[in-house]
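Each chain, written out:
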Amino acid sequence: MDVFSDDDAQASFDCAKKLLDTRDDKESFKYFNKVLSSKTKTDELHFQSLWGKCVSGLVINKFDEVKECANEILDDNPEEINVLNLLTQTHILCEEYDEALQCGTTVLKIESENMDALTLRCDTLLKIGNYDNSIRFIDRMLGIDGENIHALSFKVSALWSLRRFDEAILYCDIILKIDKNNSEAKENREKLVEYLKEHRNN
């Protein structure tokens, strides 16, 4: 690591960026903090370091600090979609599902077909057991990309939870037509078929 003054914001940022690029998230998080506490940082370095701290902090489970940095960015840029999606993801990981839904709604008002926001919305709705509503958003995803594996897997989960087993198997088959080596779809299909055999024979 290069040696430089503790208050050299640009040097700290460059190190943080290199560490982030190599997925040394713990160290990059530390160096982004150094930039943010530096007296020599520019507004642009401040903004970029807030974002870098969000990205690295999410990986190392510094969720409170991620939320703090994300909200600081959003105070100045309330329609920053990447930040809103990352904040949504953070709320999901913290099991703050109402906040996750609120963030996701903000994104979808700005960009109704944002696939990251739709993915996070489906994930949230499945986690809280709102399966019918999740299918509505899953179908929106599939309307944009009919071969989206995330959406198809979500559909299997939702249909399974609703005990619509034959339809869930059908969506496993659709996944396997797209990706014949998809282990999750294979395993889910086997479990569903076995369940139906046992219960239809009783």
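Attention here is on the structure that accompanies the text. Per-chain numbering applies: the sequence of each chain, read as written, is numbered from 1 onward. The predicted origin of the model limits local features to residues at a pLDDT of at least 70 and limits the giving and counting of side-chain atom pairs to 80 or more, whereas totals for whole chains, interfaces and linings rest on all residues. Side-chain measures were taken over the full set of non-hydrogen atoms in the model, leaving aside hydrogen atoms and water.

### Topic: helix α4 (residues 63–76)
- To qualify as a helix, a DSSP run of H or I must reach at least 4 residues; to qualify as a strand, a run of E must reach at least 2; elements of each kind are numbered from the N terminus. In this scheme, a helix's expected span is set at 1.5 Å multiplied by one less than its residue total. Compared with an ideal rise of 1.5 Å per residue, which puts 14 residues at 20 Å, α4 spans 21 Å between its outermost C-alpha atoms and is within 8% of the ideal.
- Throughout this description, buried means an accessible area under 20% of the type-specific maximum (1.4 Å probe, protein chains only), exposed means over 50%, and partly exposed covers the range between. Three or more residues of α4 are buried, namely Phe-63, Val-66, Lys-67, Cys-69, Ala-70, Ile-73 and Leu-74.
- Whether two residues touch is decided by their heavy atoms; if any such pair falls within 4.5 Å, the residues are in contact. For α4, the elements touching its buried residues are α3 (43–59) and α5 (81–93).

### So, helix α7 (residues 115–127)
- Given a rise of 1.5 Å per residue, 13 residues ought to cover 18 Å, and the 18 Å separating the end C-alpha atoms of α7 matches this to within 8%.
- Listing the buried residues of α7 in full gives Ala-117, Leu-118, Thr-119, Leu-120, Arg-121, Cys-122, Thr-124, Leu-125 and Leu-126.
- As for α7, its buried residues are in contact with α5, α6 (97–110), α8 (131–144) and α9 (149–161).
- For the purposes of these results, a polar contact is taken to be a pair of N or O atoms within 3.5 Å, where, inside protein, one atom must be able to donate a hydrogen and its partner to accept one; residues adjacent in sequence count only when each atom of the pair is a side-chain atom. The backbone nitrogen of Asp-116 lies 3.2 Å from a side-chain oxygen of the residue at the head of α7, namely Asn-114.
- Gly-129, located one to two residues past α7, shows a positive phi value of around 80°.

### Digging into the packing of α3 against α4
- Helix axes are fitted to C-alpha atoms over the stretch in contact, other axes to C-alpha atoms as well, and angles between N-to-C directions run from 0 to 180 degrees. The geometry of α3 relative to α4 is characterised by a closest axis approach of 9 Å and an angle of 150° between their N-to-C directions. The angle between α3 and α4 falls in the class roughly antiparallel. When the axes of α3 and α4 are compared, the crossing they make is left-handed. Residues His-46, Phe-47, Leu-50, Trp-51, Lys-53, Cys-54, Gly-57 and Leu-58 of α3 form the contact with α4, whose own contacting residues are Phe-63, Glu-65, Val-66, Cys-69, Ala-70, Glu-72 and Ile-73.
- Asp, Glu, Lys and Arg are counted as charged, while Ala, Val, Leu, Ile, Met, Phe, Trp, Tyr, Cys and Pro are counted as nonpolar; the rest, among them Gly, fall into the polar class. Along the lines of polarity and charge, the residues of the contact of α3 with α4 split into ten nonpolar, two polar and three charged. These descriptions rest on fixed angle ranges, namely under 35 degrees for roughly parallel, over 145 for roughly antiparallel, 65 to 115 for roughly perpendicular, and the rest for oblique. Handedness of a crossing is defined here by the sense of rotation of the near helix relative to the far one, left-handed for an anticlockwise turn of less than a right angle and right-handed for a clockwise turn.

### A short note on the packing of aromatic side chains
- Aromatic contacts are taken between Phe, Tyr and Trp rings whose centres are within 6.5 Å, Trp giving its six-membered ring; a plane angle under 30 degrees counts as stacked, one over 60 as edge-to-face, and the others as tilted. Going through the model one piece at a time under the given rule, you end up with two aromatic pairs.
- For the cation-ring pair, Arg-121 lies above Phe-137, with the distance from its terminal atom to the ring centre recorded as 5.2 Å. When the NZ atom of lysine or the CZ atom of arginine is within 6 Å of a ring's centre and also within 35 degrees of its normal, the charge is said to sit over that ring.

### Digging into the pattern of salt bridges
- Any Lys or Arg side-chain nitrogen found within 4 Å of a carboxyl oxygen on Asp or Glu counts as a salt bridge. The full count for this structure, using the stated rule, is eleven salt bridges.
- Put simply, Glu-65 and Lys-53 hold a salt bridge, and the shortest N to O gap is 3.2 Å. With Glu-65 in helix α4 and Lys-53 in helix α3, this pair connects stretches of sequence that are twelve residues apart.
- Two residues, Arg-164 and Glu-167, come together in a salt bridge whose shortest N-O distance is 2.9 Å.
- Linked through salt bridges whose partners overlap, the residues forming this network are Asp-64, Lys-67 and Glu-96.

### Overview of the state of the cysteines
- In plain terms, two cysteine sulfur atoms within 2.5 Å form what is called a disulfide here. With the rule as written, the count across this model stands at zero disulfides.
- No disulfide involves Cys-69; its sulfur sits 5.0 Å from that of Cys-54, the nearest cysteine.
- As a non-bridged cysteine, Cys-122 has Cys-103 as the owner of its nearest cysteine sulfur, 16 Å distant.
- According to the relative accessible area criterion, Cys-122 is buried, its value standing at 0%.

Don't take any of this as a statement about function, it's just geometry.
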